[in-house]
Amino acid sequence: MRNIALREVAVSDADVYERMFCDPTMMSGLGGPLPRSGIRAKLQHDIDEATSGRAWICMIRLSRGDPTAVGGNVVLWAHESHGMSISEIGWMVLPEFQGRGIGKAAVRLLLRRARDAGRWGVVHAYPGITNTASNAICRTLGFTLAGRHDAVFAGRSLPTNHWHINPINLT
Ligand SMILES: CC(C)(COP(=O)(O)OP(=O)(O)OC[C@H]1O[C@@H](n2cnc3c(N)ncnc32)[C@H](O)[C@@H]1OP(=O)(O)O)[C@@H](O)C(=O)NCCC(=O)NCCS
């Protein structure tokens, strides 16, 4: 596994949040960039979700080089779908850190935590159908492909692949 660690999201992540969520390329598979004006509120909402324990909202810390450097995020939360509670995982890696195995290592680390905590049950992921790297992460970590799914990100509809995994089957 790559040399990374996870830490909870914090107020100091405002700049990283803007780079992740307001960038058209980073958000191309997630329905497009979010407006800058909403980033502070999103960050505060995420901090509240994480500190309450309702969601695991983690920033990826890189162990080499600058110890404060953040490579992206990986998040696990629950939401209602057709009257059922669904656990969902999502991830992002900043452009300068992509293609180094960081995204895959971070997803594996959070799923190991989920497995060890025995809390989240089956975990679902919905990468865009053209998102080669994210679909590779699912495939190589042992997710099962359930089929196509029209997901809604920030109020926008997007064709995705629906993958799921019971974390005890993580490879
Ligand atoms: C998708 C994303 C998280 C991938 O993170 P990453 O750290 O670059 O990915 P990794 O280096 O861990 O690579 C994961 C797998 O994808 C493959 N991969 C990485 N970049 C790729 C690319 N550009 N094209 C094809 N495959 C690629 C890797 O070979 C690896 O597969 P392997 O384990 O079989 O070798 C990152 O590109 C990103 O944040 N993109 C924008 C936001 C986004 O799409 N988020 C995901 C929403 S589901």
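In case you missed it, the structure is sitting above this.
Parameters at a glance
- Residues numbered from 1 in each chain as written.
- Predicted model: local features only at pLDDT ≥ 70, side-chain atom pairs only at ≥ 80, totals over all residues.
- Heavy atoms only, no water.
- Helix = DSSP H or I, 4+ residues; strand = E, 2+ residues; numbered from the N terminus.
- Buried < 20%, exposed > 50% of the residue type's maximum accessible area, 1.4 Å probe, protein only.
- Near = heavy atom within 4 Å.
- Polar contact = N/O pair within 3.5 Å; in protein donor to acceptor, adjacent residues only side chain to side chain.
- Areas by Shrake-Rupley, 256 points an atom, 1.4 Å probe, with all protein chains shown as cover.
- Nonpolar A, V, L, I, M, F, W, Y, C, P; charged D, E, K, R; others polar.
- Phe/Tyr/Trp six-rings, centres within 6.5 Å; stacked < 30°, edge-to-face > 60°.
- Arc of directions from axis to C-beta.
- Contact = heavy atoms within 4.5 Å.
- Pairing = 2+ DSSP bridges.
- Axes fitted to C-alpha atoms, helices over the stretch in contact; angles between N-to-C directions.

Asker: Got a minute to help me understand the environment of Pro159 in this structure?
Answerer: With respect to the helices, strands and loops of the structure, Pro159 is situated in strand β7 (residues 156–165). By relative accessible area, Pro159 is classed as partly exposed at 42%. Separated by 129 residues in the primary sequence, Pro159 and Leu30 have C-alpha atoms spaced 9.8 Å apart.

Asker: Would you take a moment to explain the site of the ligand for this structure?
Answerer: In the neighbourhood of the ligand, 20 residues make up the surrounding shell, with Val93, Gly99, Gly101, Lys104 and Asn131 lying closest. Interatomic distance of 2.7 Å between a backbone N/O atom of Val93 and an oxygen atom of the ligand. The contact in question runs from an oxygen atom of the ligand to an N or O atom on the backbone of Ala133, over 3.4 Å. Surface burial for the ligand is 70%, taken as the share of its 940 Å² of free accessible area covered by protein chains. With six residues, the top contributor of residues to the shell around the ligand is helix α4 (residues 132–141). Split by residue class, the shell around the ligand holds 10 nonpolar, eight polar and two charged.

Asker: Help me understand the packing of aromatic side chains in this model?
Answerer: The description of two aromatic rings rests on the distance between their centres and on the angle between their planes. What the rule picks out here adds up to two aromatic pairs. Taking the centre distance of 5.0 Å and the plane angle of 65° together, the rings of Tyr17 and Phe21 count as edge-to-face. In this pair, Tyr17 and Phe21 are both assigned in helix α1 (residues 14–21), four residues apart and thus about one turn of the helix distant. There is no split in this pair, since Tyr17 and Phe21 are both buried.

Asker: Would you mind going over α1 with me for this structure?
Answerer: Residues separated by three or four positions in an α-helix point in the same direction, a consequence of the helix having 3.6 residues per turn. Along α1, the residues that are buried comprise Ala14, Val16, Tyr17, Met20 and Phe21. Seen from one end, α1 has its buried residues packed into an arc of 160°, which puts them on one side. Check the buried side of α1 and you find it contacts α2 (39–52), β2 (56–62), β3 (70–81) and β4 (84–93).

Asker: Hey, could you run me through the sheet that holds strand β6 (residues 144–153) in this one?
Answerer: Through backbone hydrogen bonds, the strands of a sheet pair up, either in parallel or in antiparallel fashion. A sheet is described by the order of its strands in space; here seven strands give the open sequence β1-β2-β3-β4-β5-β7-β6, paired in mixed fashion. Each end of this open sheet is capped by a strand with a single partner; those strands are β1 (4–8) and β6. Each strand of the sheet is rotated relative to its neighbour by a mean of 30°, with strand direction disregarded. Here six bridges tie β2 to β3, and the two strands are oriented antiparallel to one another. Within β3, the position partnered with Ile57 by the bridge is Val75.

Asker: I'm lost on the side chain of Asn161 in this one. Help?
Answerer: Relative to the helices and strands, Asn161 is located in strand β7. A relative accessible area of 11% places Asn161 in the buried class. A polar contact of 3.0 Å, which involves the side chain of Asn161, links it to the side chain of Asn135. Filtering out sequence-adjacent residues up to four positions away, Asn161 remains in contact with Ala125, Tyr126, Pro127, Ile129, Asn135, Leu145, Gly147 and Arg148.

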